[in-house]
Amino acid sequence: MREKTLLPLAIIGLLLLWLATLGLWAVDAQTVDDTYAPAAGNSQNAIEWKLVTTWPKGLPGLGSAPENFARRVGEMSNGRLTVRVYGAGEVVPPFEVFDAVSQGVAEMGHGASYYWKGKIPAAVFYTAVPFGMTAQEMNGWLHYGGGLALWRELYAPFGVRPFAGGSTGVQMAGWFNRELKSAEDLNGLKMRIPGLAGEVFAASGGTAVRLAGGEIYTSMQTGVIDAVEWVGPYNDRTLGLMEVAEYYYYPGWHEPGAMLEFTVNQKAFDRLPSDLKAIVEGAARATNQDMLDEFTARNNESLTTLLTEHSTKLRPLPDDVLDVLHSNSVIALEQLKADDPMATKISASYETFLDGVRTYHEISERAYLNARDRVLPPISFIDQ
Ligand code: CA
């Protein structure tokens, strides 16, 4: 009788012990999975991409975008996709980034589309159009106004898939080694100014020179060029441009919302599983917004440093200079459209969007800034 009672109890006890062991093992396995996820190098499924840039390695601002992108992709994919960033010249020279991505030398690139205008004239729309859209407007056009679809159509023949890669906001007109009193002072000026704006500058009496970021300082210092546009206070200070020119002009008529680009080799992108594709897309989108946030936060602090600790003289471009630059911008845009069917197609979309967004921004952005200026203390700049 006693044995008959004990046997089932022993069986139940053993069962409970077995279940408890299973449970503990399961908890333990869960902990191990969370804590010791396979690192990229240990996993057979890990993918490693090269990302080549047009910027010097480690350049703050523009150069931190690809680094941030790479970090985000690594974290979001838990190491399944790692992106290794190479600065200008490490794998390919800065102006060969697009070809490197197109040919699969690198899976990704980071730079500015207008560097490729010799090969793809309509690419200029995706960095900046003189007197065109601001950063906020560009982002709206790209992601909700059809701009990105047209960009992908433009790069498709090269096997390259573009993503917005960060915006600097409104740039500065640039650094000049002499004062501009009128439009006539543009005559004979040699300026580093890329894209459509370079053509506009040349038509306005100057000479446009194309130089990568790493070549600018020395070219100004040695007098190869008289003027340079780069970005704005934050990034210009990191290149040391206040040491090679005295006059700092605004506003950035030529790059009102300069957009950078991530380029991805289409075949490499197609090979990714759908979750990694979404991670690349999401990390690019986050990095795009993040750059604008960083420039918004840092520009004024850098401007203050330039004006207080250096001999920088801040100047507005005279109205007649802006007028000449604008009339030549209209001519340059018309010429671009006449020469290139894709430029005509993209320009139609760009201009329609700009017309619409200007209307609402008249009663939102501009009206609000005006209203704010009416009630807040006047803005004063340090005497220079
Ligand atoms: Ca620029």
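Our structure's up above, just so we're on the same page.
The structure reproduced in this document is the subject of the present report. Each chain carries its own residue numbering, running from 1 in the direction its sequence is written. Owing to the predicted nature of the model, reporting of local features is limited to residues with pLDDT of at least 70; listing and counting of side-chain atom pairs is limited to 80 or more, with chain, interface and lining totals taken over all residues. Excluded from the side-chain calculations are hydrogens and water; all other atoms, namely the structure's heavy atoms, are used.

**Let's talk about the coordination of the calcium ion**
No. 1: Sites may look incomplete, because water is not among the atoms used; the donor set itself consists of N, O and S atoms within 2.8 Å of the metal (3.2 Å for Na, K and Ca). Protein-derived coordination of the calcium ion comes from Gln171 (OE1), Glu229 (OE), Glu229 (OE), Trp230 (O), Glu255 (OE) and Glu255 (OE), at a distance range of 2.2 to 3.0 Å.
No. 2: Site shape is set this way: if four donors have all angles between 85 and 135 degrees, tetrahedral; if opposite donors are over 155 degrees apart and all others between 65 and 115, square planar for four donors and octahedral for six; otherwise irregular. In this structure, the calcium ion is coordinated by 6 donor atoms arranged in irregular fashion, with angles at the metal of 45 to 169°.
No. 3: For the calcium ion, the single-chain donor residues occur in sequence as Q-x57-E-W-x24-E. Of the two residues, Gln171 sits in the loop between strand S4 (160–167) and strand S5 (174–176) while Glu255 sits in the loop between strand S9 (247–250) and strand S10 (259–265), which places them 84 residues apart along the sequence.
No. 4: Exposure classes here rest on a 1.4 Å probe applied to the protein chains alone. A residue is buried below 20% of its type maximum, exposed above 50%, and partly exposed in between. On the basis of relative accessible area, Gln171 is assigned to the buried category, the value being 5%. Runs of E in the DSSP output that reach at least two residues are strands. Runs of H or I that reach at least four are helices, and both are numbered from the N terminus.

**A look at the nonpolar core**
No. 1: Within the largest apolar cluster, 86 residues are counted, with the highest numbers of intra-cluster contacts made by Phe125 and Trp230.
No. 2: In this text, buried Ala, Val, Leu, Ile, Met, Phe, Trp, Tyr and Cys residues form a nonpolar core when linked through side-chain atoms within 4.5 Å. Listed in part, the 20 residues of the second largest apolar core include Ala70, Val73, Leu276 and Ala284.

**As for the environment of Val73**
No. 1: Secondary-structure assignment places Val73 in helix H2 (residues 64–76).
No. 2: Taking the relative accessible area as the measure of exposure, Val73 reaches 0% and is therefore buried.
No. 3: Considering only alpha carbons, one finds Val73 and Val83, 10 residues apart in sequence, at a separation of 7.4 Å.

**With respect to the pairing of strand S3 (residues 108–111)**
No. 1: Where burial is concerned, the two faces of S3 agree: the one with Met108 and His110 and the one with Gly109 and Gly111 are both buried.
No. 2: When DSSP locates at least two bridges between a pair of strands, those strands are taken to pair. Two strands pair when backbone bridges link them, and strand S1 (residues 47–53) and S3 are joined in this way by 3 bridges, in the parallel orientation. Counterpart to Leu51 in the pairing with S3 is Met108.
No. 3: Strand direction decides the pairing type here: S3 and S10, joined by 4 bridges, are antiparallel. Looking at S10, one finds that Gly109 is bridged to Thr263.

**With respect to a negative patch on the surface**
No. 1: Together, Glu184, Asp319, Asp320 and Asp323 give the surface a local cluster of negative charge.
No. 2: According to the relative accessible area criterion, Asp320 is partly exposed, its value standing at 33%. Patch construction takes residues with relative accessible area above 30% that form no salt bridge. Like charges are linked within 9 Å, and nonpolar side chains (Val, Leu, Ile, Met, Phe, Trp, Tyr) are linked within 5 Å. Reported accessibility uses the Shrake-Rupley method at a 1.4 Å probe radius. Residues are deemed covered only where the shown protein chains occlude them. When a carboxyl oxygen of Asp or Glu lies within 4 Å of a side-chain nitrogen of Lys or Arg, that pair is called a salt bridge. Neither His nor the chain termini are counted; the positive set is Lys and Arg, and the negative set is Asp and Glu. Every charge is mapped to an atom, namely NZ of Lys, CZ of Arg, CG of Asp or CD of Glu.

**Quick look at the packing of helix H11 (residues 319–339) against helix H12 (residues 341–363)**
No. 1: Simply put, an axis is a line fit to the C-alpha atoms, just over the touching stretch for a helix, and the angle between two N-to-C directions goes from 0 to 180 degrees. Where H11 contacts H12, the axes come no closer than 5 Å and their chain directions differ by 130°. With respect to each other, H11 and H12 are oriented oblique. In contact with Leu333, Leu336, Lys337 and Asp339 of H11, H12 contributes Pro341, Ala343, Thr344, Ser347 and Glu351.
No. 2: When its residues are assigned to classes, the contact of H11 with H12 shows 4 nonpolar, 2 polar and 3 charged. If an angle is under 35 degrees, it is roughly parallel; if it is over 145, roughly antiparallel; if it lies from 65 to 115, roughly perpendicular; otherwise it is oblique. Contact between two residues is taken to exist if any of their heavy atoms lie within 4.5 Å; hydrogens are not considered. When residues are sorted by character, Ala, Val, Leu, Ile, Met, Phe, Trp, Tyr, Cys and Pro go into the nonpolar class, Asp, Glu, Lys and Arg into the charged class, and all the rest, Gly among them, into the polar class.

**Quick look at the pattern of salt bridges**
No. 1: Tallied over the entire structure, the rule returns 17 salt bridges.
No. 2: For the salt bridge of Arg84 with Glu48, the shortest nitrogen-to-oxygen distance reads 3.3 Å. Here the residue Arg84 occupies a position in strand S2 (residues 81–86), and Glu48 occupies one in strand S1, the gap between them amounting to 36 residues.
No. 3: The class for Arg84 is partly exposed, based on a relative accessible area of 46%.
No. 4: Between Asp99 and Lys119 there is a salt bridge; the shortest N-O distance is 3.0 Å.

**Overview of H11**
For an α-helix, 3.6 residues make a turn, and residues three or four places apart therefore share a direction.
No. 1: To estimate how far a helix should extend, the number of its residues minus one is multiplied by 1.5 Å. Between its terminal C-alpha atoms H11 stretches 30 Å, which fits the 30 Å expected from 21 residues at 1.5 Å a residue.
No. 2: Burial in H11 covers these residues: Val321, Leu322, Leu325, Asn328, Ser329, Ala332, Leu333, Leu336 and Lys337.

**Here we look at unusual backbone geometry**
No. 1: The step from Tyr250 to Pro251 runs through a cis peptide bond, and the omega angle for that step is -5°.
No. 2: Relative to the elements of secondary structure, Pro251 occurs in the loop between S9 and S10.
No. 3: Its identity is not glycine, yet Asn78 carries a phi of approximately 55°, on the positive side.
No. 4: Assignment of secondary structure puts Asn78 in the loop between H2 and S2.

**Considering the packing of helix H5 (residues 147–155) against H12**
No. 1: At a minimum axis distance of 10 Å, the contact between H5 and H12 shows a crossing angle of 170°. Taken together, the axis directions place H5 and H12 in an arrangement best described as roughly antiparallel. Of the residues in H12, those touching H5 at Leu150, Glu153 and Leu154 are Met342, Lys345, Ile346 and Ser349.
No. 2: By residue class, the composition of the contact of H5 with H12 is 4 nonpolar, 1 polar and 2 charged.

**Re the sheet that holds S1**
Two pairing modes exist for strands in a sheet, parallel and antiparallel, and in both the strands are linked by backbone hydrogen bonds.
No. 1: Strand order in the open sheet formed by 5 strands is S2-S1-S3-S10-S4, with mixed pairing between adjacent strands. Where the open sheet ends on each side, the last strands, each with one partner, are S2 and S4. Taking each pair of neighbouring strands and ignoring which way they run, the sheet shows an average axis angle of 25°.
No. 2: Lying on the sheet, H2 is in contact with S1, S2, S3, S4 and S10; it crosses S2 at an angle near 165°.

The values reported here are purely geometric and, on their own, carry no functional implication.
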